[in-house]
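Reading the structure
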Amino acid sequence: YMVTYQSKNKFIELAPAKFHEYLKEDGLFNALEYRNSHNENDSNGREHYQRSVKTLFQVGTKTTKLYKKETKLPLDIIPLQNPYDLKRNTEGTLSFKVLFQKKPLPNQLIKIWNRIGATTTKIELTTDANGLINFPLQPTGRWMVSTVKMERVNEEGVDWQSYWGSCTFGYD
């Protein structure tokens with residue numbers, strides 16, 4: 001099964017130093033470079049943001065091809081193999097396609113999180129020219145593949161629009 005959710009835009013305004021730190025922490029270098037080249041480093045960050053969330057569930061032993069269905073989410077993270085087809089106690093590789101507005105998202109920072117018990121590990125990858133990534137995976141714990149896409153906008157009282165996307169799945 002697959003569940004998706006897209007939130008409505010929410011507004012946030014951060015002081016210049018906090019906005020700079022937030023952009024840096026989330027790898028939003030395009031926004032950092034823009035602010036620097038346009039002398040905006042001393043300006044508050046005014047942003048609309050929304051979430052594009054996808055969760056895959058496995059019920060029983062029968063698997064389907066639903067995992068690779070494109071959604072209407074603006075930021076869509078799509079597995080190219082069914083994560084639930086991996087066998088326990090084996091290591092496999094998963095590939096994902098990352099789309100923004102239905103088009104491949106190249107050179108995008110992707111974070112892959114794995115939580116087993118109280119321990120969380122994270123790796124960071126960048127999509128290739130076709131919006132693809134792949135990484136080794138053991139079918140253990142909870143997994144999240146996530147990214148943030150930020151664009152400059154010209155709206156009253158808002159300078160940036162960000163899209164926070166994730167695809168989650170897990171193993172017992």
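Before reading on, note that the structure itself is shown above.
Attention here is on the structure that accompanies the text. (Residues numbered from 1 in each chain as written. Predicted model: local features only at pLDDT ≥ 70, side-chain atom pairs only at ≥ 80, totals over all residues. Heavy atoms only, no water.)

Observations concerning the nonpolar core
Membership of the largest hydrophobic core comes to 22 residues, with the highest contact counts inside it found for Phe96, Phe135, Val145 and Phe169. Listing elements by their share of this core, those giving two or more residues are strand E4 (75–79), strand E5 (92–100), strand E7 (109–116), strand E9 (132–137), strand E10 (142–155) and strand E11 (158–170). Discounting residues that sit within four places of it in the chain, phenylalanine 169 has contacts with Leu56, Pro83, Tyr84, Leu94, Phe96, Leu137, Arg142 and Trp143. Ranked by size, the runner-up nonpolar core spans 11 residues in total, among them Val148, Met150, Trp160 and Trp164. (Core = buried A, V, L, I, M, F, W, Y, C linked by side-chain atoms within 4.5 Å. Buried < 20%, exposed > 50% of the residue type's maximum accessible area, 1.4 Å probe, protein only. Helix = DSSP H or I, 4+ residues; strand = E, 2+ residues; numbered from the N terminus. Contact = heavy atoms within 4.5 Å.)

Quick word on the packing of aromatic side chains
With the rule as written, the count across this model stands at 10 aromatic pairs. Aromatic pair phenylalanine 19 and tyrosine 22: ring centres 5.6 Å apart, planes at 50°, arrangement tilted. In this pair, phenylalanine 19 and tyrosine 22 are both assigned in helix H1 (residues 16–25), three residues apart and thus about one turn of the helix distant. Consider the rings of phenylalanine 96 and phenylalanine 135, whose centres lie 5.8 Å apart with planes at 10°: the pair is stacked. With phenylalanine 96 in strand E5 and phenylalanine 135 in strand E9, the pair connects residues that are 39 residues apart, well separated along the chain. Here phenylalanine 96 and phenylalanine 135 have matching classes, each one buried. Taken together, the ring pairs connect Tyr84, Phe96, Phe135, Trp143, Phe169 and Tyr171 into an aromatic cluster. (Phe/Tyr/Trp six-rings, centres within 6.5 Å; stacked < 30°, edge-to-face > 60°.)

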